[in-house]
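# Chain and residue survey
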2 protein chains.
Amino acid sequence: MLFKNITVLDENFDIQKNMYVGTKEDKIAYIGKTEPKEDFGDVFDGTNKVLLPGFVNAHTHSPMTLLRGYAENLPLSRWLNEKVFPFEDRLNCDRAYYGTALSIAEMLSSGTTSFSDMYFFQDGVLRAVKDAHAKTNFSRSIVSFDDTPFLSDERVKEALEAVEKYHNTENGKIKIDMCLHAEYTNTYSMIKQFGEYTRGKGLVNHIHVSETKSEHEECKKKYGKTPTELFYEAGVLDTPTVFAHCVWIEDCDREILKEKGATVAHCPASNLKLGSGVCDIYSLLKMGVNLAIGTDSAASNNGLDSFREMYLAVLLPKGVNGQADIVSPKEIIKAATYGGAAAQCRFDTGIIKEGFKADLCVIDTDKPSLYPDFDILNNIVYSAEKSDVVLTMVDGEVLYNNGVFTSIDIERIGFEVNKIVKEVVSEVQNGN
Amino acid sequence: MLFKNITVLDENFDIQKNMYVGTKEDKIAYIGKTEPKEDFGDVFDGTNKVLLPGFVNAHTHSPMTLLRGYAENLPLSRWLNEKVFPFEDRLNCDRAYYGTALSIAEMLSSGTTSFSDMYFFQDGVLRAVKDAHAKTNFSRSIVSFDDTPFLSDERVKEALEAVEKYHNTENGKIKIDMCLHAEYTNTYSMIKQFGEYTRGKGLVNHIHVSETKSEHEECKKKYGKTPTELFYEAGVLDTPTVFAHCVWIEDCDREILKEKGATVAHCPASNLKLGSGVCDIYSLLKMGVNLAIGTDSAASNNGLDSFREMYLAVLLPKGVNGQADIVSPKEIIKAATYGGAAAQCRFDTGIIKEGFKADLCVIDTDKPSLYPDFDILNNIVYSAEKSDVVLTMVDGEVLYNNGVFTSIDIERIGFEVNKIVKEVVSEVQNGN
């Protein structure tokens, strides 16, 4: 495809007007001020449009979109025990398939081209990813309550099966990460074995870290160390690692993250909604820690919308620190795109640059809410919303175009989702 | 118009499915489970649609949409002195007309049916309101630096001219409020005279209060009183009053607001973006203070979108207080509709109830981001966005319908706005 006369967020995350961008197979093959001689096939008229790298949702649980609006206005423990766990107990691969398909639809329609998913029912989730031609780093989360040897643990076995069966499939669109659910849901033995096992395997570790104050403080009481220090000492961070949340991490933790090149997946909406707090991304950015942005699941957000997360991410540090001039839209859109791609160890993704993957989205700026156009990047981060996305492309393939999904039968998915949630709610009520 | 088979947010702010709602002239004339016998004219098919009271934007400066993206990432004093004031110095009635028209378009497209506007250039602003068939409580803001007698002050004269010329015109759609810009921009003499003059006049007072910490603390140093205490003692609160922001008010202030029946216009996005902080609406709601929601101007937000403000309003108290179960979507949507109407002393507006003004908006819920529909009210507050609005009606007249403005030539407004901002920027640069 050739994007013609389009405004582009360039590789330095600056705005360039009247550009030509050509894609060939799964890659960006041409960027220039002049029309290329080569024929790139379909031509897209870029008048009043902005071409962005696709967003990477760096932390979500895609099947949980089935629970959107199901567990509301409850403190975390009641939210989990009274609502989320009983619902999830009734899920299976087939049901997870539809939840994931719905999530992918919502993400594609908001310009998200890749997501880091942490869940179970891998055959269901990844069938949905494959059917939708989507891109994900999936991980099967490991929890442990005893000292079972690593390779005998049922969850570890599933996680390694996922690696075996799916890692780097679909032209590399599907990758498998390794996931410890969290410090507080694992034994020290498991954390230690996880650190040792994952070292040098070439996979990414994805872990919930210091999401709540009590989790962070309890770990310090139990081990005399923060969760980050514990993972560091267990060797978990010797492998490229994504820590989701990090609301309560301290200076010593940020030093470790910086030293080990780990990523923080910032989930501002979920952290607010569950009453967890606000992650201090200003300090992380100042230190040069890689920042990515995640939505968490639709059960605690309640959407999978990178625009809303960017808006919260750019506003909250200013409000919380009382400083209007900290954290720029450029830093945030970079976190929401390349920061996430780097977190997924997809270093050829997330930037509009020749040779990079053609994971792109197009914003229509011809809207009252985007006039005037003093500063297009500011408008995108502060004023745009997901409905301003008119096209989303993954690996050079258009998956969303002017409200139409090319790889997802959204009517059927909507129908099945509503059927499934009615069934599950009835099963929960009847104790089946 | 007859809305048929539509889901309705009823007068108790509960969801009712499969309803019929008929409007006649400027009012809601029928609400029922069955089709009315009377002919209400056009029929609107409510399948997968939700009818809400229109939103009331309780605090904005509509011409400032011209500055969207113009003054970014600066601390408040530089934002004002280096960018906003030099730009505003070049505005006039004609330019304010186009800024206001653009703001009205954005508000109508996001379901906002009335707004409380604080600015100057009243003939320009109110011509735009009239041309767009829109609804506003406008106030000309008063600032003072000496002890000029009230009625001799030029700004007061303009404010009173506005009352004389525009109050209760356009079938009551235009009302004029009285506005003190703030404590720190007025002399004590002016505050006192304002309190005395406005008492019993039947108008609404609209004032910026305790937006920043320094403003609040400086007032205490100067007077030994908080701004709220000062306004209280000056008799300003003997008149129905809207205090915008209230980020730094204290318990004593909240007691006063409750006692006097005043409204807080909560502007969460602007308060975050300018580094002012977070208003404690949880305490206000607990005490029963009337809460309304405002966007402030697009220069500090950067949009006029009630959905985003609701989302911030419902999330922030949970995150800041560390409690997931405080402040409900119902409380927030009530604040964004009836709370704002009450702030405007429009007590026949903001609720879907027979005899009330037909200020309504319709949301299309047939979207991936709004499946499943466990809890429609939750979905609206947590997951919907302005583009989900498909129809907006003010005083029974459809002003926005499926992307089309019936009273605004949006192409011309967009063209003029872009022309004006280019002119102004050039004038600022050349010192003209």
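Bear in mind that the values here come from a model prediction, so they are computed numbers and not experimental data. (Residues numbered from 1 in each chain as written. Chains lettered and ligands numbered in written order. Predicted model: local features only at pLDDT ≥ 70, side-chain atom pairs only at ≥ 80, totals over all residues.)

## A closer look at the overall build of chain A
Stated precisely, the cut-off is as follows: Helix and strand labels come from DSSP, where a helix needs a run of H or I of at least four residues and a strand needs a run of E of at least two; each type is numbered from the N terminus. Radius of gyration here uses only the C-alpha atoms, and the compact-globule reference equals 2.2 Å multiplied by the residue count raised to the power 0.38. Each residue is classified by how many other C-beta atoms fall within 10 Å of its C-beta atom, where C-beta atoms are placed from the backbone; a count of 20 or more means buried, 12 or fewer means exposed, and values in between mean partly exposed. By definition, residues are in contact whenever their C-beta atoms, placed on the basis of the backbone, come within 7 Å of each other.
Scanning chain A from N- to C-terminus turns up 14 helices and 17 strands. The C-alpha radius of gyration of chain A comes to 21 Å, within 12% of the 22 Å expected for a compact globule of 432 residues. Taking the principal axes of the C-alpha coordinates as reference, chain A spans close to 65 × 45 × 40 Å. Within the span of chain A, comprising 432 residues, buried residues form 62% of the whole. Look at the contacts in chain A between residues 6 or more apart in sequence, and 73% of them connect residues 24 or more apart.

## A few points about the sheet that holds strand E12 (residues 263–266) of chain B
All names here are of chain B. Inclusion rule: A pair of strands is considered paired only if DSSP assigns at least 2 bridges between the two. Convention adopted: a line fitted to C-alpha atoms gives each axis, helices being fitted over their contacting stretch, and angles between N-to-C directions are expressed from 0 to 180 degrees.
Reading across from one edge, E6-E7-E8-E9-E10-E11-E12-E13 is the order of the eight strands in this open sheet, with parallel pairing throughout. Each end of this open sheet is capped by a strand with a single partner; those strands are strand E6 (55–60) and strand E13 (290–293). Taking the axes of each pair of neighbouring strands and ignoring which way they run, one obtains an average angle of 25 degrees across the sheet. Across five bridges, the pairing between strand E10 (residues 205–209) and strand E11 (residues 241–245) is parallel. The residue bridging Ile-207 from the neighbouring strand is Phe-243, located in E11. Its contacts with the sheet put helix H12 (residues 329–343) on E6, strand E7 (112–119), E11, E12 and E13, and the angle it makes with E13 is roughly 110 degrees.

## Remarks on the sheet that holds strand E6 (residues 55–60) of chain A
Paired through backbone hydrogen bonds, the strands of a sheet run either parallel or antiparallel to each other. Residue and element names in this part refer to chain A. An order of E6-E7-E8-E9-E10-E11-E12-E13 is seen for the eight strands of this open sheet, with the pairing classed as parallel. Both outer strands of the open sheet, E6 and strand E13 (290–293), are each paired with one neighbouring strand and no more. If you compare each strand with its neighbour and ignore which way they point, the axes differ by 25 degrees on average. Both strand E11 (residues 241–245) and strand E12 (residues 263–266) contribute to a ladder of three bridges, which runs parallel.

## What about the relation of the copies chain B and chain A?
Worth spelling out the cut-off: Least-squares superposition of the copies uses the C-alpha atoms of those residues scoring a pLDDT of at least 70 in each of them.
Each copy of the sequence occupies a distinct position, and chain B is placed on chain A by a rotation of 180 degrees and an axial shift of 0.0 Å, giving an RMSD of 0.0 Å. Such a combination of rotation and displacement between the chain copies is what one expects of a two-fold axis. The C-alpha atom lying nearest the rotation axis in chain B is that of Ser387(B); the distance is 3.2 Å. A share of 100% of the interface residues of chain B reappears at the interface of chain A, consistent with the copies meeting face to face through the same patch.

## Re the packing of helix H11 (residues 306–321) of chain B against H12(B)
Residue and element names in this part refer to chain B. Definition in use: Working definition: roughly parallel below 35 degrees, roughly antiparallel above 145 degrees, roughly perpendicular at 65 to 115 degrees, and oblique for all remaining angles. By definition, turning the near helix anticlockwise from the far helix through less than a right angle yields a left-handed crossing, and turning it clockwise yields a right-handed one. Note that Gly is not counted as nonpolar here; it falls among the polar residues with everything else outside the nonpolar set of Ala, Val, Leu, Ile, Met, Phe, Trp, Tyr, Cys and Pro and the charged set of Asp, Glu, Lys and Arg.
The geometry of H11 relative to H12 is characterised by a closest axis approach of 10 Å and an angle of 140 degrees between their N-to-C directions. Taken together, the axes of H11 and H12 are oblique relative to one another. The chirality of how H11 crosses H12 is right-handed. For the pair H11 and H12, contact is made by Ser-306, Met-310, Ala-313 and Val-314 and by Pro-329, Ile-332, Ile-333 and Ala-336, respectively. For the contact of H11 with H12, a count of residues per class yields seven nonpolar, one polar and no charged.

## Considerations on unusual backbone geometry
Between Asn301(B) and the following residue, Asn302(B), the backbone shows a cis peptide bond with an omega angle of 5 degrees. Tracing the backbone shows Asn302(B) in the loop between E13 and H11. At the junction of Tyr371(B) and Pro372(B), the peptide bond is cis and its omega measures out at -20 degrees in the coordinates. Structurally, the position occupied by Pro372(B) is in the loop between strand E14 (360–364) and helix H13 (376–382). A positive phi is found at Ser210(A), a non-glycine position, where the angle reads about 45 degrees. Along the polypeptide, Ser210(A) turns up in the loop between strand E10 (205–209) and helix H6 (213–223).

## Re the interface of chain B and chain A
Opposite the 52 residues of chain B that make contact, chain A presents 52 residues. Put simply, the parts of the chain that give the side of chain B that touches chain A at least two residues each are helix H1 (76–89), helix H2 (93–109), helix H9 (268–273), H11, H13 and helix H14 (410–430) of chain B. For the side of chain B that touches chain A, the element with the highest residue contribution is H14(B), accounting for five residues. Split by residue class, the side of chain B that touches chain A holds 23 nonpolar, 19 polar and ten charged.

## Some details on the pairing of strand E2 (residues 15–24) of chain A
Residues and elements named next belong to chain A. Sheet analysis places strand E1 (residues 2–9) next to E2, joined by five bridges and oriented antiparallel. Within the sheet, the bridge partner assigned to Phe-3 lies in E2 and is Val-21. Linking two consecutive strands that pair antiparallel, namely E1 and E2, is a turn of five residues; a positive phi of about 60 degrees is found at Phe-13 within it. The pairing of E2 with strand E3 (residues 27–32) spans five bridges and is antiparallel. From the neighbouring strand, Gly-22 faces E3, where its bridge partner is Tyr-30.

## Observations regarding the domain arrangement of chain A
All names here are of chain A. Rule in force here: The split into domains, and so the bounds of each, comes from an automatic or database assignment of domains.
Here chain A is partitioned into domain 1 (2–53 + 358–405) and domain 2 (55–343). Distance from the C-alpha centre of domain 1 to the C-alpha centre of domain 2: 28 Å. In this assembly, 22 residues from domain 1 lie in contact with 24 residues from domain 2. Going through the elements one at a time, strand E5 (49–53), helix H13 (376–383), strand E15 (389–394) and strand E16 (397–401) are the ones with two or more residues in the side of domain 1 that touches domain 2. The biggest single contributor to the side of domain 1 that touches domain 2 is H13, with five residues. Of the residues contributing to the side of domain 1 that touches domain 2, the split by class is 14 nonpolar, two polar and six charged.

## Points about the environment of Lys157(B)
Residue and element names in this part refer to chain B. Among the structural elements, Lys-157 can be located in helix H4 (residues 154–166). We classify Lys-157 as partly exposed; it has 13 C-beta atoms within 10 Å. With 44 residues separating them in the primary sequence, Lys-157 and Thr-113 have C-alpha atoms 29 Å apart.

## Looking at the packing of H2(B) against helix H3 (residues 122–131) of chain B
Residues and elements named next belong to chain B. Between H2 and H3, the shortest axis-to-axis distance is 7 Å and the interhelical angle comes to 35 degrees. When you trace H2 past H3, the crossing you get is right-handed. Here Cys-93, Asp-94, Ala-96, Tyr-97, Thr-100, Ala-101 and Ile-104 of H2 come into contact with H3, specifically with Asp-123, Gly-124, Val-125, Arg-127, Ala-128 and Val-129. Considered class by class, the residues forming the contact of H2 with H3 number eight nonpolar, two polar and three charged.

## Let's talk about the environment of Asp373(B)
Examined against the element boundaries, Asp373(B) turns out to sit in the loop between E14 and H13. Owing to 20 C-beta atoms within 10 Å, Asp373(B) belongs among the buried residues under this scheme.

## Quick look at helix H14 (residues 410–430) of chain A
Residues and elements named next belong to chain A. Stated formally: The span one expects for a helix is its residue count, reduced by one, times 1.5 Å. An arc is given here, and it is the one of the directions from the helix axis to the C-beta atoms.
Helix length check: H14, at 21 residues, gives a terminal C-alpha distance of 30 Å against a target of 30 Å (1.5 Å per residue), a fit within 8%. Residues Ile-410, Ile-413, Gly-414, Val-417, Ile-420, Val-421 and Val-424 constitute the buried set of H14. Down the axis, H14 shows its buried residues gathered within 130 degrees of arc, on one side only. Exposed and oriented more than 90 degrees from the buried face of H14 are Glu-411, Arg-412, Lys-422, Ser-426, Gln-429 and Asn-430. Residues of H14 that are buried in the fold lie against helix H1 (76–88), helix H2 (93–109) and strand E17 (404–405).

## Quick look at the confidence of the model for chain A
Formally: Each residue carries a pLDDT score, the predictor's own confidence in it, on a scale running from 0 to 100.
Per-residue confidence for chain A gives a mean pLDDT of 97; residues scoring 70 or more make up 100%. For this predicted complex, the interface confidence comes out at an ipTM of 0.96, alongside a pTM of 0.97.

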